[in-house]
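Overview (structure and organization)
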Amino acid sequence: MRDEPGQWPLVSVILPTRGRPELVREALSAVVGQTYPGMIECIVVHDQEPPQPELGSFGTASRSVRVVANSRSPGLAGARNTGVALARGEFIASCDDDDAWHPTKLHAQISRLLDQPDLLVVGSGIRLMLPDGKIINWPGRAERISYQLLLRNRVKELHSSTLVMRRDAFAKAGLYDEATPNGYAEDYDWILRAARVGRIGTVVNPLADIRKDAQSSSSYYGQAAIIAAGLEYLLAKHRDLAASRRGRARLLGQIGFARSVLGERRQALRCAVAAILLWPTSPHGYLALAHVMTGLDRRHVLRAARLFRRGLA
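Since this is a predicted model, take the numbers as computed values, not measurements.

Right, let's get into the overall build of the chain. Check the secondary structure of the chain and you find 13 helices and ten strands. Classification of the 313 residues of the chain by burial places 54% in the buried group. Taking as baseline every contact in the chain between residues at least 6 positions apart, the subset at least 24 positions apart corresponds to 74%. Of the roughly 13,500 Å² of accessible surface on the chain, a fraction of 53% belongs to carbon and sulfur atoms.

See the structure below:
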């Protein structure tokens, strides 16, 4: 039993931010407000902007806040790696600046990691905060997530804002890949590498709110050209992903949709047809094909994707 605060390990929380002075305060408040009995240090990493030292005032006796500038490559991967290099905790957690943790998140996940020492990383269920105030509960699908499942499916509950990992996860899987185009999908790349060298778990209950509304990171990190380049990079880098018929079909469908949004209809059509031929029951190729053929507003296609509980980015 771990009854005293001193019996709980220090957790380092890495919070990269850029251009969201209000949202980062909400995210930081949620980190500081955790019910976790142990100490937490939060490292706010400003990417391509001056640090805001006043954010340090959010700290308390048991919740320190350090504000720094990204000292590595510009972008999310470099910002995350800056935080990893400064982290002192036995466990490291990540949170994006437009998301917010539920109060019991760290307590539940650290308990799981301490009770099950074979786990390298633990995610959690999430709540998707959609436009017009709509909320979708997305519980974790299983308490353990296999590498093979991650090849087939992005597994939304292993979002960058849910992950808590042992410190040695970075020695085993490596740092975030700063060569990813514009840092897109750097979290998926990292969790794929982590799943190859260790076991991945989830706390099934939703423990983080993931913003998918107009203020979300999609406009900054998720433009169509960036999405296409990032997913093409993933396919070239991960041979197992390229060899997975279902996983390759999913990414080709997403690339096809992005290329169609860019007006590159011929390339988009090739991707969509290839996706359908690889895995006919996957909706991604059909959704890309629908956009190529009709030119529908992408928001309508994205709504259709959500009906299948799928994403196009």
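So that's the structure; there's more coming.
Let us look at the pattern of salt bridges. For the coordinates displayed, the defined rule picks out 18 salt bridges. Close ionic contact of Asp118 with Arg199 constitutes a salt bridge, the shortest N to O distance being 3.7 Å. Of this pair, Asp118 sits in the loop between α3 (105-115) and β6 (119-129) while Arg199 sits in strand β10 (residues 199-211), and the two are 81 residues apart along the sequence. In this structure, the salt-bridge partner of Lys237 is Asp189, at a minimum N-O distance of 2.9 Å.

With that settled, the discussion passes to the confidence of the model for the chain. Put simply, the chain has an average pLDDT of 91, and 89% of its residues get 70 or more. Every residue in residues 214-222 is under pLDDT 50, and counting partners more than four places away or in other chains gives 22 contacts.

What follows concerns helix α10 (residues 245-261). Under the 1.5 Å per step criterion, the end-to-end length of α10 is 24 Å for 17 residues, consistent within 8% with the ideal 24 Å. Most of α10 is tucked away: 13 of the 17 residues are buried. Gly263 sits one or two residues past α10 and shows a positive phi near 85 degrees.

One recurring pattern in soluble globular proteins: nonpolar side chains tend to sit buried together. Judged by nonpolar contacts, the single largest core of 49 residues is most densely connected at Val121, Leu150, Met165, Trp190 and Ile191. Excluding residues that lie within four positions of it along the chain, Val121 makes contacts with Leu113, Leu163, Val164, Met165, Trp190, Ile191, Ala194, Arg199, Ile200 and Gly201. Residues Val13, Val24, Ala30 and Leu113 belong to the second largest nonpolar core, which totals 35 residues.

Close contact between helix α11 (residues 265-278) and helix α12 (residues 283-294) brings their axes to 8 Å; oriented N to C, the two are set at 150 degrees. As the angle between them shows, α11 and α12 are arranged roughly antiparallel. Once α11 is placed against α12, the crossing between them reads as left-handed. From α11, Arg265, Ala268, Leu269, Ala272, Ala275 and Ile276 reach across to α12, where they touch Gly285, Tyr286, Ala288, Leu289, Val292 and Met293. In terms of residue class, the contact of α11 with α12 is built from ten nonpolar, one polar and one charged.

Inspection of every chain in the model, using the stated rule, returns four aromatic pairs. Taking the centre distance of 5.1 Å and the plane angle of 35 degrees together, the rings of Phe170 and Trp190 count as tilted. Residue Phe170 is found in helix α5 (residues 169-173), and its partner Trp190 is found in helix α6 (residues 186-197); the two are separated by 20 residues along the sequence. When the centroid spacing of 5.7 Å and the interplanar angle of 35 degrees are considered together, the rings of Tyr176 and Trp190 count as tilted. Of this pair, Tyr176 sits in the loop between α5 and α6 while Trp190 sits in helix α6, and the two are 14 residues apart along the sequence.

Looking now at helix α2 (residues 76-86). With nine of its eleven residues buried, α2 lies for the most part within the structure. Residues Leu76, Ala77, Gly78, Ala79, Arg80, Asn81, Thr82, Gly83 and Val84 constitute the buried set of α2.

Before going further, it helps to examine a nonpolar patch on the surface. A cluster of nonpolar side chains, namely Leu269, Val273, Leu277 and Met293, defines an oily patch on the protein surface of about 390 Å² accessible area. Among the elements that take part in the nonpolar patch, α11 stands out by supplying three residues, more than any other. Among the structural elements, Met293 can be located in helix α12. A relative accessible area of 57% means that Met293 is categorised as exposed.

Basis of the calculations
- Residues numbered from 1 in each chain as written.
- Predicted model: local features only at pLDDT ≥ 70, side-chain atom pairs only at ≥ 80, totals over all residues.
- Heavy atoms only, no water.
- Helix = DSSP H or I, 4+ residues; strand = E, 2+ residues; numbered from the N terminus.
- Buried < 20%, exposed > 50% of the residue type's maximum accessible area, 1.4 Å probe, protein only.
- Contact = heavy atoms within 4.5 Å.
- Areas by Shrake-Rupley, 256 points an atom, 1.4 Å probe, with all protein chains shown as cover.
- Salt bridge = Lys/Arg side-chain N within 4 Å of Asp/Glu carboxyl O.
- pLDDT = per-residue confidence, 0-100.
- Expected span 1.5 Å × (residues − 1).
- Core = buried A, V, L, I, M, F, W, Y, C linked by side-chain atoms within 4.5 Å.
- Axes fitted to C-alpha atoms, helices over the stretch in contact; angles between N-to-C directions.
- Parallel < 35°, antiparallel > 145°, perpendicular 65-115°, else oblique.
- Left-handed = near helix turned anticlockwise from the far one by under 90°.
- Nonpolar A, V, L, I, M, F, W, Y, C, P; charged D, E, K, R; others polar.
- Phe/Tyr/Trp six-rings, centres within 6.5 Å; stacked < 30°, edge-to-face > 60°.
- Patch = residues over 30% accessible without salt bridge, like charges linked within 9 Å, V, L, I, M, F, W, Y side chains within 5 Å.

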